[in-house]
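Take a look at the letters that make up each chain.
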Amino acid sequence: QVQLVESGGGLVQPGGSLRLSCAASGFTLDYWAVGWFRQAPGKEREGVSCIDSSDGRTTYTDSVKGRFTISRDNAKNTVYLQMNSLIPDDTAVYYCATTGWCDAALSEYELWGQGTQVTVSS
């Protein structure tokens, strides 16, 4: 069956780094745009980054530009989110999801992972 599984979250100090993975099974991730989202307690879910399938274009929300990098490894059927210079406001559950194009509405992301917790704290 089709599935997305996030991994790589954990506890890190401010200024540290984590690399999140979004691994697909049961289908080929190459054909789909993949977005990363996050949700913290008391906050709405927000889009963090997205990578398109055909041209590899990437987008980032302003708060993570220059710190986060999204990439994909088609051979591993996996999309990554490299997170550097982490700050406490990055603390959230991070989710990946697939859609046709990165400009899609939230309702058009059809498949979601279970999420992975990222905690940035001293």
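Going by the structure above, here's the rest.
Since the structure is predicted, the reported quantities are computational estimates derived from the model, not experimental observations.

So what's going on with the state of the cysteines? Residues and values would help.
Tallied over the entire structure, the rule returns two disulfides. With its sulfur 2.1 Å from that of its partner, Cys22 forms a disulfide with Cys96. One disulfide, between Cys22 and Cys96, carries an S-S torsion of 80° and so falls in the right-handed class. Taken together, the residues Cys22 in strand E3 (residues 18-25) and Cys96 in strand E9 (residues 92-99) connect sequence positions 74 residues apart. Across the disulfide from Cys50 sits Cys102; the S-S distance is 2.1 Å.

Lay out the pattern of salt bridges in plain terms, naming residues and giving numbers.
Across all of its chains, the model carries five salt bridges by this definition. The residue Arg38 makes a salt bridge to Glu46 at a minimum N-O spacing of 2.6 Å. Since its relative accessible area comes to 5%, Arg38 is described here as buried. Taking the relative accessible area as the measure of exposure, Glu46 reaches 29% and is therefore partly exposed. Of the charged contacts, one joins Arg38 and Asp90 as a salt bridge, the two residues approaching to 2.9 Å between their closest N and O atoms. Of the two residues, Arg38 sits in strand E4 (residues 33-39) while Asp90 sits in the loop between strand E8 (78-83) and E9, which places them 52 residues apart along the sequence. As far as the burial class goes, Arg38 and Asp90 line up, both buried. Look at the salt bridges and you will find they share partners, linking Arg38, Glu46, Arg67 and Asp90 into a network.

Criteria and cut-off values
Residues numbered from 1 in each chain as written. Predicted model: local features only at pLDDT ≥ 70, side-chain atom pairs only at ≥ 80, totals over all residues. Heavy atoms only, no water. Disulfide = S-S within 2.5 Å. Helix = DSSP H or I, 4+ residues; strand = E, 2+ residues; numbered from the N terminus. Salt bridge = Lys/Arg side-chain N within 4 Å of Asp/Glu carboxyl O. Buried < 20%, exposed > 50% of the residue type's maximum accessible area, 1.4 Å probe, protein only.

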